[in-house]
Amino acid sequence: MSILEKLSSAPVYLICGIIIGFVALLCVIFMVRAYRAGKAIGIDTAKMKRVIVSSATFSVLPSVGILLGVIALSGSLGIPWPWLRLSVIGALHYETQVAQAAAEQVGMEKLSGEQMTASGFATIALLMSVCIMWGMVLSVFFNKKYTGRLTKSGGKRAAMGFGNMAMTAMFIGLVSAYIGSYVGIFASPKGLLTFGGDWTPLVVVAVSGLTMALFIWLSKKPKFAFVENFSIAVSMLFGMASAVVINLI
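A quick note: this is a predicted structure, and the numbers were derived from the prediction, not measured.

Turning our eyes to something else, we now look at the overall build of the protein chain. A count of helical and extended segments in the protein chain gives 11 helices and zero strands. N-terminal to C-terminal, the α/β element order of the protein chain is α-α-α-α-α-α-α-α-α-α-α. Looking at the protein chain residue by residue over its 249 residues, the buried ones come to 26%. The contacts of the protein chain with a sequence gap of at least 6 include a subset with a gap of at least 24, amounting to 57%.

What follows concerns the packing of aromatic side chains. Considering all chains together, one arrives at two aromatic pairs under this definition. With a centroid separation of 6.4 Å and an interplanar angle of 50°, the aromatic rings of Y13 and W83 are classed as tilted. Pair noted here: Y13 is in helix α2 (residues 10-40) and W83 is in helix α5 (residues 80-88), with a separation of 70 residues, a long-range link. Here Y13 falls in the partly exposed class, since its relative accessible area comes to 32%. Exposure remark for W83: the relative accessible area of 31% places this residue in the partly exposed category.

Our next topic: the side chain of R85. Among the structural elements, R85 can be located in helix α5. Judged by relative accessible area, which is 8%, R85 ranks as buried.

For the rest of this paragraph, the subject is helix α11 (residues 231-248). It helps to recall that an α-helix has 3.6 residues per turn; residues three or four apart then point in one direction. In this model α11 runs 26 Å from its N-terminal to its C-terminal C-alpha over 18 residues, within 8% of the 26 Å that 1.5 Å per residue would give. Among all positions of α11, only S231, A233, V234, S235, M236, G239, S242, A243 and I246 are buried.

Thresholds, definitions, all that
Residues numbered from 1 in each chain as written. Predicted model: local features only at pLDDT ≥ 70, side-chain atom pairs only at ≥ 80, totals over all residues. Heavy atoms only, no water. Helix = DSSP H or I, 4+ residues; strand = E, 2+ residues; numbered from the N terminus. Buried < 20%, exposed > 50% of the residue type's maximum accessible area, 1.4 Å probe, protein only. Contact = heavy atoms within 4.5 Å. Phe/Tyr/Trp six-rings, centres within 6.5 Å; stacked < 30°, edge-to-face > 60°. Expected span 1.5 Å × (residues − 1).

Written as C-alpha cells, this is what we have:
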C-alpha cells in the first residue's frame, strides 16, 4: 500500500470525519440558539429566514475555492487531512504555503505524492497544525481584555484601522514573496537575461490578479456588489484554467 493510499484509508477518514462532524454539530447548535435568541428579542421570523437563505446561497460559490484547495492538496496529502484542515480552521493560502515550506525542509523538491514519506507527512501535518493554533490560544488569554478596549470611545475604530493595515501589509508581503520566487524559477535555469525557466506561475499570477481586480472593480458598482463573495473562487478557477491551457499548448 502506497503512502497516499494509507493517507486516504478508512481509519484516517474516520478520525477526520469525527472531528468535522463534531464541529458541524457545534455550528448547528449555535445556529439554533441564535434563531431562538432572535425570536426572543422580537426579530421577525420571515426576516430571519430570508437571512438564512441568502447566507446559505452566497456561501456556496465562495466555498468552491475551499474545495479546489482540498483537490489541490489531496494529490500529495491524501483527501481526509486537507478536508479536515480546510473544513475546520485552515485557510487556503495558509495551508498550501506551510505545506510547501515544510515539504522543502524535509528534503522534497516540491509538495508531491511521489516524494511523500510517512515521516514527511507527519512533519507537514504537525507544522500545519501548530503554526495556526496561536489565534485560538491567544484568544483564550487576551480576547476579554481586547474586547474591553473596543467598548471604549474610539477603541473600536483604532483597532479596526490597525487590523486593516496589518492584514494589508501581511498579504503584500506574501504576494511579493511568491512573485519573487516565481521570477526566480523563470530566470534561474539560464540566467536573468535569457529567461529560460518555467513561466507558468507568472502567467497564473497575472490571470488571477487581473480577474480579482475585475471583481473588485465590479463590486464597487451598486448593482454588482454581490460579486465580491465570488472573487476568490473565480480567480482561482481562472488561474488554474490558464495553467491547464499553457500545459496543453
